[in-house]
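The primary structure of each chain is shown beneath.
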Amino acid sequence: MSEFSLVLDDIQKSYNHGKANEINVLRGASTRIARGEIVGLIAPSGAGKSTLLQIAGLLDTADAGRVEIGGELVTGATDRARTAARRGKVGFVYQFHHLLPEFSAVENIVLPQLAHGVAAGEAEARALDLLGRVGMAARATHRPGELSGGEQQRVAFCRSLANAPALMLADEPTGNLDPATSDTVFDVLMELVRGTGLSALIATHNHELAARMDRVLRLDEGVLVSA
Ligand SMILES: Nc1ncnc2c1ncn2[C@@H]1O[C@H](COP(=O)(O)OP(=O)(O)OP(=O)(O)O)[C@@H](O)[C@H]1O
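Keep in mind it's a predicted model, so treat the numbers as computed, not measured.

With respect to spatial proximity, the complete set of residues near the ligand consists of Tyr15, His17, Val25, Pro44, Ser45, Gly46, Ala47, Gly48, Lys49, Ser50, Thr51 and His205. Ser45 places a polar side-chain atom, nitrogen or oxygen, 2.5 Å from an oxygen atom of the ligand. At 2.7 Å, a side-chain N or O of Ser50 approaches an oxygen atom of the ligand. Against a free-state accessible area of 630 Å², the protein chains account for coverage of 61% of the ligand.

What follows is the structure in structure tokens.
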């Protein structure tokens with residue numbers, strides 16, 4: 001197994017907004033995230049944070065450069081291999097939880113596992129274990145509408161880990177919460193990531209939250225530098 005959960009090597013990405021109006025968002029972004037490492041990503045709005053996370057998470061492709069996830073080279077892989085890698089190796093957390101409203105907390109974490117071929121009993125045991133780790137065991141049967149914003153986000157963290165990925169990618173995971181709740185929920189996220197031994201790349205505008213991670217990267221003119 002590779003010692004790196006994520007390798008980004010010289011990633012380039014441009015968007016074309018009409019003739020002679022190309023935006024070079026990423027201009028050779030490179031980093032290596034070791035297994036178990038939690039890395040913050042700070043960037044001003046529009047710097048390319050979401051673009052970078054989408055390329056790292058195989059939701060988008062780079063114009064040039066190389067992406068490796070959990071030791072597997074995914075650049076140039078078939079769509080099928082990329083989809084399998086995305087589903088099995090990457091967990092996403094967004095600013096808004098996107099939980100399925102008609103299903104309970106535990107069902108929201110079971111469903112992605114069933115889609116991945118895990119047996120129902122095993123999927124439920126894992127879901128309950130994850131909910132216990134974020135202090136939500138007593139709320140397992142509640143639907144998202146019956147939970148607070150912070151509680152919903154805790155369930156979303158668990159769902160992102162449902163299929164035991166190598167890497168969590170998070171885009172402003174507590175950006176939608178008030179400052180006090182954001183602080184607590186962020187602590188829960190850090191404990192969950194550390195307790196499950198996975199790696200994470202977590203984008204945030206909040207420098208105090210970023211300071212709690214192992215190290216912080218900044219996107220500067222399309223390249224990643226130490227913050
Ligand atoms: N699909 C697209 N087509 C064209 N331009 C795009 C596309 N996606 C992003 N861009 C442009 O690329 C730049 C970087 O966008 P991106 O969403 O990655 O920024 P960001 O750092 O995540 O910003 P924010 O913090 O505001 O979400 C912006 O100038 C944006 O307008």
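Right, picking up where we left off after that structure.
Here the phi dihedral of Ala164 falls at roughly 45 degrees; this positive angle occurs in a residue that is not glycine. Looking at the secondary structure, you find Ala164 in the loop between α5 (149–160) and β7 (167–171). The class for Ala164 is partly exposed, based on a relative accessible area of 47%. Residue Glu221 is not a glycine yet carries a positive backbone phi of 55 degrees. Note on placement: Glu221 falls in the loop between β9 (215–220) and β10 (223–226).

Under the defined criterion, the tally for this structure stands at 12 salt bridges. Asp9 is paired through a salt bridge with Arg66; the nearest N and O atoms lie 3.5 Å apart. In this pair, Asp9 sits in strand β1 (residues 4–16) while Arg66 sits in strand β4 (residues 64–69), placing the two residues 57 residues apart along the sequence. Judged by relative accessible area, Asp9 falls into the partly exposed class, the value being 30%. Residue classification places Arg66 among the partly exposed residues on the basis of a relative accessible area of 29%.

Looking now at the packing of helix α3 (residues 105–115) against helix α4 (residues 120–133). As a packed pair, α3 and α4 sit with axes 9 Å apart at the nearest point and diverge in direction by 130 degrees. It follows that α3 is oblique to α4 by the angle criterion. The way α3 lies across α4 gives a crossing that is right-handed. Between α3 and α4, the contacting residues are Ala105, Val106, Ile109, Val110, Gln113 and Leu114 on the first element and Ala120, Glu122, Ala123, Glu124, Arg126, Ala127, Leu128, Leu130 and Leu131 on the second. For the contact of α3 with α4, the residue count by class is 11 nonpolar, one polar and three charged.

Another aspect to go through is the pairing of β7. Along β7, five of the five residues are buried, which leaves the element largely enclosed by surrounding structure. A two-sided burial pattern is seen for β7, the buried positions comprising Leu167, Leu169 and Asp171 on one face and Met168 and Ala170 on the other. Bridge count for strand β6 (residues 90–93) against β7 is four bridges, and the pairing is parallel. Residue pairing across strands places Phe92 opposite Leu169, the latter belonging to β7. Looking at chain direction, β7 and strand β8 (residues 199–203) are connected through five bridges and run parallel. Within the sheet, the bridge partner assigned to Leu167 lies in β8 and is Ser199. For the handedness criterion, the β-α-β arrangement of β7, helix α6 (residues 179–196) and β8 is classed as right-handed.

About the thresholds
- Residues numbered from 1 in each chain as written.
- Predicted model: local features only at pLDDT ≥ 70, side-chain atom pairs only at ≥ 80, totals over all residues.
- Heavy atoms only, no water.
- Near = heavy atom within 4 Å.
- Polar contact = N/O pair within 3.5 Å; in protein donor to acceptor, adjacent residues only side chain to side chain.
- Areas by Shrake-Rupley, 256 points an atom, 1.4 Å probe, with all protein chains shown as cover.
- Helix = DSSP H or I, 4+ residues; strand = E, 2+ residues; numbered from the N terminus.
- Buried < 20%, exposed > 50% of the residue type's maximum accessible area, 1.4 Å probe, protein only.
- Salt bridge = Lys/Arg side-chain N within 4 Å of Asp/Glu carboxyl O.
- Axes fitted to C-alpha atoms, helices over the stretch in contact; angles between N-to-C directions.
- Parallel < 35°, antiparallel > 145°, perpendicular 65-115°, else oblique.
- Left-handed = near helix turned anticlockwise from the far one by under 90°.
- Contact = heavy atoms within 4.5 Å.
- Nonpolar A, V, L, I, M, F, W, Y, C, P; charged D, E, K, R; others polar.
- Pairing = 2+ DSSP bridges.
- Right-handed = clockwise from strand over helix to strand, strands pointing away.

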